[in-house]
Amino acid sequence: MRKRLVQNISSEYFAATSALQRKKCVMVYVEGYDDIPFWRAIFDEFETAERRFEVTTPVRSDLAKGKRVVMQFAPQAGKNLILCVDSDFDYLLGDLSDKSRAVNNTPYLLQTYTYAIENYLCYPPSLHSVCVRATKNDTHIFDFEEFMAEYSRIIYPVFVWYAYAARVDRPTIFTLSDFRNTVKINYVNIEDNGEATLAWLEKQVAKRVKFLRSKHQKRVEEVDKFDRYLRTERGVVPEETHLYMQGHALFDNVVSTLVGTVCNALRKLAVGQILGSSRQGLPLNNELSSYNNALSDVNELLKINTGYRGCRLFTRLREDLVRMLGVD
């Protein structure tokens, strides 16, 4: 019954139902509820007086969600039914597996090219603006782009091992849990732009790489070959590893800590300036109260961050959508 329901939902079905409406409606299927705002913001740009989009999770009687569910509609996708998914490792793997081949070759499917939506939300050039919105302080005390480029360069060797484990479908080689524990940042010393933190991280990564190469000696040559493939065939640059690593590991274990630490410093700086003013008594308390009431939650701002539009992978995603819609 479910299979027949999926087969009956198609681009042609939505074209027929749309013909009964004033505006042409293009259905957009995404993986889950949290993905709807991200894709909605992208499709907003392409709505016209004649065309609208409805971004939703797939229509199923069991309400199942996720990438696998969305991919079940691949044969029925078309101009009136567009599918949107996180790339995970499928973009990087190209045609190396049946799953990645399906993602990369389905005509009316949009993929993030980054591992997931979270990688866009954590796009380094946008993080200072997030801090400004959270703290109402535009003082530049940290270079996010420089830090994340160095962070990415450092973790790249273990990223290759984790991606390789996905490539050969042997997650026990280097589990997600082990990867997250290796690349996470427990603290950030923002002095010298996090130099001490990065030095500590580099030691942790070096230990893990040494362990992996010793434990899996027979796979070292394959891993090195896969490394060359990622660089030459898929355009991966070590300084941009943050675009391809597991999205929640980046958001939860790195950027949330980093941005939170910088925001704390910016708040202290702003409060210090207020306390150092000539105001005293009630006027001073009112100023402090006014400032504290203007502060915003960092993680909530990250979740609605839209400062990723300058990312080259987002440009590619947008170009895919332009081709699908046949617009300029």
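### What about unusual backbone geometry?
Even without being a glycine, Tyr113 presents a positive backbone phi close to 70°. Topologically, Tyr113 is positioned in the loop between strand S4 (109-111) and helix H7 (117-121). Residue Tyr113 is classed as buried on the basis of its relative accessible area, which comes to 6%. Positive phi, close to 60°, is recorded for Lys136, a residue that is not glycine. Along the chain, the position of Lys136 falls in the loop between helix H8 (127-135) and helix H9 (144-167). Residue Lys136 is classed as partly exposed on the basis of its relative accessible area of 42%.

### Considering the sheet that holds strand S3 (residues 81-85)
Judged by pairing direction, the sheet is parallel, and its four strands sit side by side in the order S2-S1-S3-S4 without closing on themselves. Both edges of this open sheet fall to strand S2 (51-56) and S4, since each of them pairs with a single strand only. Averaged over all pairs of adjacent strands, the angle between strand axes in this sheet comes to 25°, irrespective of strand direction. Bridge count between strand S1 (residues 24-29) and S3: three bridges; the pairing is parallel. For Val28, the partnering residue across the bridge sits in S3 and is Ile82. Set on the sheet, helix H16 (residues 312-325) makes contact with S2, S3 and S4; between it and S4 the angle comes to about 170°.

### A short note on the packing of H9 against helix H11 (residues 195-215)
Relative to each other, H9 and H11 sit at 10°, their axes nearing to 9 Å. Relative to H11, the element H9 is oriented roughly parallel. Contacts between H9 and H11 involve Phe147, Glu150, Tyr151, Arg153, Ile154, Ile155, Pro157, Val158 and Trp161 from the former and Leu198, Leu201, Glu202, Val205, Arg208, Val209, Leu212 and Arg213 from the latter. Tallied by class, residues from the contact of H9 with H11 come to 12 nonpolar, no polar and five charged.

### What about the environment of Val271?
Mapped onto the fold, Val271 is located in helix H13 (residues 247-275). Residue classification places Val271 among the partly exposed residues on the basis of a relative accessible area of 23%.

### Digging into the layout of surface pockets
There is about 560 Å³ of room inside the largest pocket. Around the largest pocket, the lining is made up of 23 residues, and of these Asp34, Asp35, Ile117, Glu118 and His248 lie nearest the centre. When residues of the lining of the largest pocket are traced back to their parent elements, those giving at least two are helix H3 (36-44), H7 and H13. A per-element tally of the lining of the largest pocket places H13 first, with four residues. Across the lining of the largest pocket, the residue classes break down as 10 nonpolar, five polar and eight charged. Its volume calculated, the second largest pocket comes out at about 330 Å³. Along its surface, the second largest pocket is lined by 16 residues, and Phe89, Ala165, Ala166, Arg167 and Asp169 are the ones closest to its centre. Mapped by element, the contributors of at least two residues to the lining of the second largest pocket are helix H5 (90-93) and H9. Among the elements that make up the lining of the second largest pocket, the one with the highest residue count is H9 (four residues). Here the lining of the second largest pocket is composed, by residue class, of nine nonpolar, two polar and five charged.

What counts, and at which threshold
- Residues numbered from 1 in each chain as written.
- Predicted model: local features only at pLDDT ≥ 70, side-chain atom pairs only at ≥ 80, totals over all residues.
- Heavy atoms only, no water.
- Helix = DSSP H or I, 4+ residues; strand = E, 2+ residues; numbered from the N terminus.
- Buried < 20%, exposed > 50% of the residue type's maximum accessible area, 1.4 Å probe, protein only.
- Pairing = 2+ DSSP bridges.
- Axes fitted to C-alpha atoms, helices over the stretch in contact; angles between N-to-C directions.
- Contact = heavy atoms within 4.5 Å.
- Parallel < 35°, antiparallel > 145°, perpendicular 65-115°, else oblique.
- Nonpolar A, V, L, I, M, F, W, Y, C, P; charged D, E, K, R; others polar.
- 1 Å grid on protein atoms, 1.4 Å probe; cavity = no way out; pocket = protein on both sides within 12 Å on 5 of 7 lines; lining within 4 Å.
- Points joined across faces, edges and corners; volume = space filled by probe spheres on them.

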